[in-house]
Amino acid sequence: MEIFTFAHHLEGVAAVAGFLAVAAVDSNMSDTAGEFDFDVVPETDQSFENALANARDGRRLSVADGIELITTGTDREGIDPERKELVLEAADRRRAEVVGDEVTFVANVNNNVTTACNTGCLFCNFKDTAKHFEADAPDDHAGFTKTPEESRAVVADAVERGVYEVTSVSGLHPAFGLNEAHREALDPDDPEHNYKPPERYTTDPHTYVEQIAAMSDAGAHVHSMTPEEAHHAQRGVSWDYRHVYRELAAAGLDTVPGTAAEILVDEVRDVICPGKIDTGEWVAAMEAAADVGLPMTATMMYGHVENEAHRVRHLDVIRDLQDRTDNITEFVPLSFIHQETPLYDRGVVETGASDAEDELLVAVSRLYLDNVEHIQSSWVKFGNAKGLKLLNCGADDFMGTILSEEITKRAGGQHGEFRSVADYADMITAIGRTPVERSTDYTERRVVDPDADRPGPRLGPRADGTSLVPDRDADDARGAAADD
């Protein structure tokens, strides 16, 4: 496997920057934003009818089957509404067979440590260029960096409120290291290391080990350290991913989010995130997490420059990884929020995925990933109504309460706000399903009674059924009474 270095990052970003400069003035491209000369295309020798029969019969789907289902047939232009409904029905039946009518969620808080990042992903508006965080730079950016003490305080407050999990995904701050030994080994004068000492910055992020330990000490289940962050935690040294994840597990890391996956086909990654690790590195990091004994999730961020064949190839990578590890607890489709991202601002994409594409992605994920039990729908990405609709397209998990959600909101998303346990109980029962509070890894579960006097979380270490935000739920109840 080729070793990914910071030089690769700089070359990739420069290449794509050149492409975008051409795209901005090339009238041929502006007519059809998002069209690329990819090698992987949605063409097969399979038929939609045969692929649907394979799905209905529970046979393991091929890539060709998946492409036929997700396109509703390559023999027709666009999405066929009648065929789409057949795929959604098959997926919903499979969901009922695999997990029944329960809809799960977790009581959690987001604690993203820093927005400082030099990766240059074109789909992201969460990060802020790291040079803006330097002590001698103007303080005119909206980004942030938290110390371990600040992270501990955020998580401790959330634990006292009743949360079970803290999710933490952050920018790749150049001062970050796995531990102090890593920082000492990095050379700020070597551009391959992408490192600057902490004294160069207004706020020292400290090390990954210190941040994980602080959040763990606060009492929460720590869900953190994506493959991209794990790569950042071993840059410039000879440590492998297993060493990184062993150190982090010892510090208190409990599970790993399989984000930074985007689309696991390198010709797409070369366009949208040339500074990130390639597919092989992402898989290697996930395998290392599994070897260390850290359960993990897997994701896909779709609806930008990729086509339907890329989406199915991505699912195939995830299914193959799960065949080898049996360690993925859930699959999380993430529909691209295009507003206020470089891809949109520079005319490379005009919009994200359509409603029909979102429904088919969830449905085909359920049918294709025959070894992953749980498929997530996201109210943050889709809002309540559409998120609930996707629970009838094959999904069975509805994310978490999320006391804060910066990433989607900074990209222009409109739904990144808190949801209470009472909100969950009301929404899930309204579609005839059973609300279930869960732990991050699904090993702990409890059915939520929507008529309970205290409809708050109960699985967290301090949870006792009290609402996470009592004043908010009281206001909602008063508003509902007034509406009546």
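Residues numbered from 1 in each chain as written. Predicted model: local features only at pLDDT ≥ 70, side-chain atom pairs only at ≥ 80, totals over all residues. Heavy atoms only, no water.

*Asks:* Explain the confidence of the model for the protein to me, and be specific about the residues and the numbers.
*Replies:* Residue-level pLDDT values for the protein average 87, and 85% of them are 70 or greater. Low confidence marks residues 1–34, where pLDDT is under 50. Its contacts with residues over four positions away, or in another chain, come to 45 contacts. (pLDDT = per-residue confidence, 0-100. Contact = heavy atoms within 4.5 Å.)

*Asks:* So what's going on with unusual backbone geometry? Residues and values would help.
*Replies:* Phi at glutamate 262 is positive, roughly 50°, even though this residue is not glycine. Within the secondary structure layout, glutamate 262 lies in the loop between strand S7 (253–255) and helix H11 (266–272). With a relative accessible area of 6%, glutamate 262 lands in the buried category. (Helix = DSSP H or I, 4+ residues; strand = E, 2+ residues; numbered from the N terminus. Buried < 20%, exposed > 50% of the residue type's maximum accessible area, 1.4 Å probe, protein only.)

*Asks:* For the packing of helix H4 (residues 63–71) against helix H15 (residues 355–368), give the residues involved together with the corresponding values.
*Replies:* The packing of two helices is summarised by the inter-axis angle and the distance between the axes. Where H4 contacts H15, the axes come no closer than 10 Å and their chain directions differ by 155°. Between H4 and H15, the crossing angle belongs to the class labelled roughly antiparallel. The handedness of the crossing between H4 and H15 comes out as right-handed. Of H15, the residues touching H4 (which contributes Val63, Gly66, Leu69 and Ile70) are Leu360, Leu361, Val364, Leu367 and Tyr368. Its residues assigned to classes, the contact of H4 with H15 comprises 8 nonpolar, 1 polar and no charged. (Axes fitted to C-alpha atoms, helices over the stretch in contact; angles between N-to-C directions. Parallel < 35°, antiparallel > 145°, perpendicular 65-115°, else oblique. Left-handed = near helix turned anticlockwise from the far one by under 90°. Nonpolar A, V, L, I, M, F, W, Y, C, P; charged D, E, K, R; others polar.)

*Asks:* Tell me about the environment of aspartate 157, and name the residues and values.
*Replies:* Inspection of the secondary structure assignment puts aspartate 157 in helix H6 (residues 148–161). Looking at aspartate 157, the relative accessible area reads 40%, which means it is partly exposed. Sequence separation between aspartate 157 and alanine 218 is 61 residues, and the spatial gap between their C-alpha atoms is 8.5 Å.

*Asks:* Tell me about the pattern of salt bridges, and name the residues and values.
*Replies:* By the definition in use, this model includes 32 salt bridges. In this structure, arginine 59 and aspartate 57 form a salt bridge, with 3.1 Å as the shortest nitrogen-oxygen distance. Overall, arginine 59 belongs to the partly exposed group, its relative accessible area being 42%. Across the pair lysine 84 and glutamate 85 runs a salt bridge, and its minimum N-O distance is 3.5 Å. Residues joined in a network through salt bridges with shared partners are Glu49, Asp75 and Arg83. (Salt bridge = Lys/Arg side-chain N within 4 Å of Asp/Glu carboxyl O.)

*Asks:* Got a sec to walk through the sheet that holds strand S12 (residues 434–438)? Specific residues and values, please.
*Replies:* With mixed pairing, the 4 strands of this open sheet are ordered in space as S11-S1-S12-S13. Edge positions in the sheet fall to strand S11 (397–400) and strand S13 (445–447), since each of these pairs with one other strand and no more. Averaged over all neighbouring strand pairs, the angle between strand axes comes to 25°, with direction disregarded. With 4 bridges joining them, strand S1 (residues 102–106) and S12 adopt parallel strand pairing. Across the sheet, the residue bridging to phenylalanine 105 is glutamate 437, located in S12. On top of the sheet, helix H18 (residues 421–430) reaches S1, S11, S12 and S13; it is set at about 145° to S12, its chief contact. (Pairing = 2+ DSSP bridges.)

*Asks:* Before we move on, can you summarise helix H12 (residues 279–292) with the specific residues and values?
*Replies:* Along an α-helix, residues three or four apart share an orientation, since each turn contains 3.6 residues. The terminal C-alpha atoms of H12 lie 20 Å apart, and with 14 residues this matches the ideal 20 Å at 1.5 Å per residue to within 8%. Within H12, 10 of the 14 residues are buried, leaving the element largely enclosed by the surrounding structure. Of the positions making up H12, those classed as buried are Thr279, Glu281, Trp282, Val283, Ala284, Ala285, Met286, Ala288, Ala289 and Ala290. Next to the buried residues of H12 lie helix H9 (227–232), helix H10 (241–251), H11, strand S8 (296–302) and helix H13 (308–325). Downstream of H12 by one or two residues, glycine 293 has phi in the positive range, about 95°. (Expected span 1.5 Å × (residues − 1).)

*Asks:* Got a sec to walk through the environment of alanine 135? Specific residues and values, please.
*Replies:* The topology assignment puts alanine 135 in the loop between strand S4 (128–129) and H6. Along the backbone, alanine 135 and tyrosine 201 are 66 residues apart, and their C-alpha atoms lie at a distance of 4.7 Å. Not counting chain neighbours up to four residues away, the residues in contact with alanine 135 comprise Arg200, Tyr201 and Thr202.

*Asks:* Hey, could you go over the sheet that holds strand S6 (residues 221–224) for me, with residue numbers and the actual values?
*Replies:* With parallel pairing, 4 strands are arranged side by side in an open sheet as S2-S5-S6-S7. A single partner strand is all that each edge strand has here, and the edge strands are strand S2 (108–110) and S7. Sheet twist, expressed as the average angle between the axes of neighbouring strands with direction ignored, equals 40°. Taken together, the 4 bridges between strand S5 (residues 165–168) and S6 define a ladder with parallel strand orientation. Note on S6: the bridge partner recorded for threonine 167 is histidine 223.

*Asks:* Tell me about the packing of aromatic side chains, and please be specific about residues and values.
*Replies:* Any pair of aromatic rings gets described here by the distance separating the centres and the angle formed by the planes. Under the definition given, this model contains 4 aromatic pairs. Between phenylalanine 105 and tyrosine 424 the ring centres are 4.2 Å apart and the planes differ by 5°, which places this aromatic pair in the stacked class. Here tyrosine 424 lies in helix H18 and phenylalanine 105 lies in strand S1, a separation of 319 residues in the sequence. On the basis of relative accessibility, which here comes to 0%, the residue phenylalanine 105 falls in the buried class. Residue class for tyrosine 424 comes out buried when judged on its relative accessible area of 0%. With 4.1 Å between their ring centres and 15° between their planes, phenylalanine 176 and tyrosine 208 make a pair best called stacked. (Phe/Tyr/Trp six-rings, centres within 6.5 Å; stacked < 30°, edge-to-face > 60°.)

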